[in-house]
Amino acid sequence: MHHFTKIVLVVLLSAFAIGCGTSKPPVNPDTLQSLAAVQIKEYEGRNLSSILDFEENSIKGPQYVDIGSYRLKIDGLVVKPGDFKYEEVLDHTKYSKVVTLNCVEGWSVDILWEGILLKDIFDDVTPGSDANTVIFHSYDGYTTSLPLKTLLDGDMIIAYKMNGVVLPPERGYPFQLVAQNKLGYKWAKWITRIELSSDSKYQGYWEQRGYSNEANLTD
Ligand SMILES: Nc1nc2c(c(=O)[nH]1)N[C@H]1C(S)=C(S)[C@@H](COP(=O)(O)O)O[C@H]1N2
Ligand SMILES: [Mo]
């Protein structure tokens, strides 16, 4: 082969390889497995479930959020709407707790969650006095809601880590609501917007499809 043709071929092939590289899924399929290997398996004498013990049944499958352009919006009935970068959300006191997620499909997982108190995030935006409902909006179009009082009284957090590792994309990276004592469909993953509202009858994705708006574990 002519030397020049060879160079052109090599350049073309490399460009093709790089092109293929960028079109690959943003996350290596082995990532979940390697995270599982380093996760915390026991906390204060209690065995934890694995980050692999979840059933993947999200409405549109795993979402891959680009953290550079990610913003968490806090709006609706607030005095001062917020638009926070990932690092700005993390720049709050961190809390850990072991909480069980129960899906209506009959499985459950005990996980050590680490996250930020919603109360602390709300302090940044000052909810209006008429706000009684909090609507979570997600990257995949999913929504769900809980009473503001439930979030505050329960010291609920949005988690950025589970079992000591940063939430994998499959589990809701960058943030998942840890809706303790509520069924799995209240645990919004891939949260992009938190809307303060006075619509206490608001129904999210599964609630519109017949699931209880209270979502108590006994429902
Ligand atoms: N954005 C978003 N959050 C979601 C869901 C979803 O489809 N989209 N599914 C919910 C349900 S039904 C459950 S049980 C929990 C855990 O789902 P996983 O096992 O798929 O992580 O996430 C909840 N949060
Ligand atoms: Mo679920």
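Refer to the structure printed above.
All of these numbers come straight from a predicted model, not from anything done at the bench. (Residues numbered from 1 in each chain as written. Chains lettered and ligands numbered in written order. Predicted model: local features only at pLDDT ≥ 70, side-chain atom pairs only at ≥ 80, totals over all residues. Heavy atoms only, no water.)

Let's talk about the packing of aromatic side chains
Tallying each qualifying case throughout the model produces nine aromatic pairs. Ring geometry for Tyr 70 against Phe 175: centres 6.1 Å apart, planes inclined by 45 degrees, an arrangement best described as tilted. Placement of Tyr 70 in the loop between β2 (46-47) and β3 (72-76) and of Phe 175 in the loop between β10 (165-166) and β11 (176-178) is noted, with a sequence separation of 105 residues between them. With 5.0 Å between their ring centres and 90 degrees between their planes, Tyr 205 and Trp 206 make a pair best called edge-to-face. Taken together through their ring pairs, the aromatic side chains of Tyr 142, Tyr 185, Tyr 205, Trp 206 and Tyr 211 make up a single cluster. Across the ring face of Tyr 205, the terminal group of Arg 209 is positioned such that the distance to the ring centre comes to 3.6 Å. (Phe/Tyr/Trp six-rings, centres within 6.5 Å; stacked < 30°, edge-to-face > 60°. Helix = DSSP H or I, 4+ residues; strand = E, 2+ residues; numbered from the N terminus. Lys NZ or Arg CZ within 6 Å of the ring centre and 35° of its normal.)

Observations concerning the site of ligand 1
The environment of ligand 1 is formed by 19 residues, the closest being Glu 55, Ile 59, Asp 140, Trp 187 and Lys 189. Residue Glu 55 places a main-chain N or O atom 2.5 Å away from an oxygen atom belonging to ligand 1. In the environment of ligand 1, an oxygen atom lies 3.4 Å from a nitrogen or oxygen atom belonging to the side chain of Arg 171. In isolation ligand 1 offers 530 Å² of accessible surface; the protein chains occlude 98% of this area. (Near = heavy atom within 4 Å. Polar contact = N/O pair within 3.5 Å; in protein donor to acceptor, adjacent residues only side chain to side chain. Areas by Shrake-Rupley, 256 points an atom, 1.4 Å probe, with all protein chains shown as cover.)

Things to note about helix α4 (residues 118-125)
For α4, every residue scored as buried is listed here: Leu 118, Asp 120, Ile 121, Phe 122 and Val 125. In the stretch just after α4, Thr 126 is the one whose phi turns positive, near 55 degrees. (Buried < 20%, exposed > 50% of the residue type's maximum accessible area, 1.4 Å probe, protein only.)

What to know about the side chain of Glu 195
Position of Glu 195 relative to the elements: it lies in strand β12 (residues 191-197). Within the structure, the side chain of Glu 195 is placed 2.7 Å from the side chain of His 137, a separation counted as a polar contact. Apart from residues lying up to four places away in sequence, Glu 195 is in contact with Asp 75, Gly 76, Thr 133, Val 134, Ile 135 and His 137. (Contact = heavy atoms within 4.5 Å.)

A word on the pattern of salt bridges
Summed over all chains, the structure comprises eight salt bridges. As a salt-bridge pair, Glu 56 and Arg 171 come within 3.5 Å of each other at their nearest N and O atoms. Remark: Arg 171 occurs in the loop between β10 and β11 and Glu 56 occurs in the loop between β2 and β3; sequence separation between them is 115 residues. Residues Arg 193 and Glu 195 are paired through a salt bridge, measuring 3.6 Å at the closest nitrogen-oxygen approach. Overall, the relative accessible area of 19% leaves Glu 195 in the buried class. (Salt bridge = Lys/Arg side-chain N within 4 Å of Asp/Glu carboxyl O.)

Comments concerning the sheet that holds β12
The five strands lie next to each other as β4-β3-β12-β7-β8, forming an open sheet whose pairing is mixed. Strands at the two margins of the open sheet, each flanked by one partner only, are β4 (82-84) and β8 (143-147). Each strand axis lies, on average, 15 degrees off the axis of its neighbour in the sheet, ignoring direction. Both β3 and β12 contribute to a ladder of four bridges, which runs parallel. Of the residues in β12, the one forming a bridge with Ile 74 is Ile 194. (Pairing = 2+ DSSP bridges. Axes fitted to C-alpha atoms, helices over the stretch in contact; angles between N-to-C directions.)

This is a description of form; function is not addressed.
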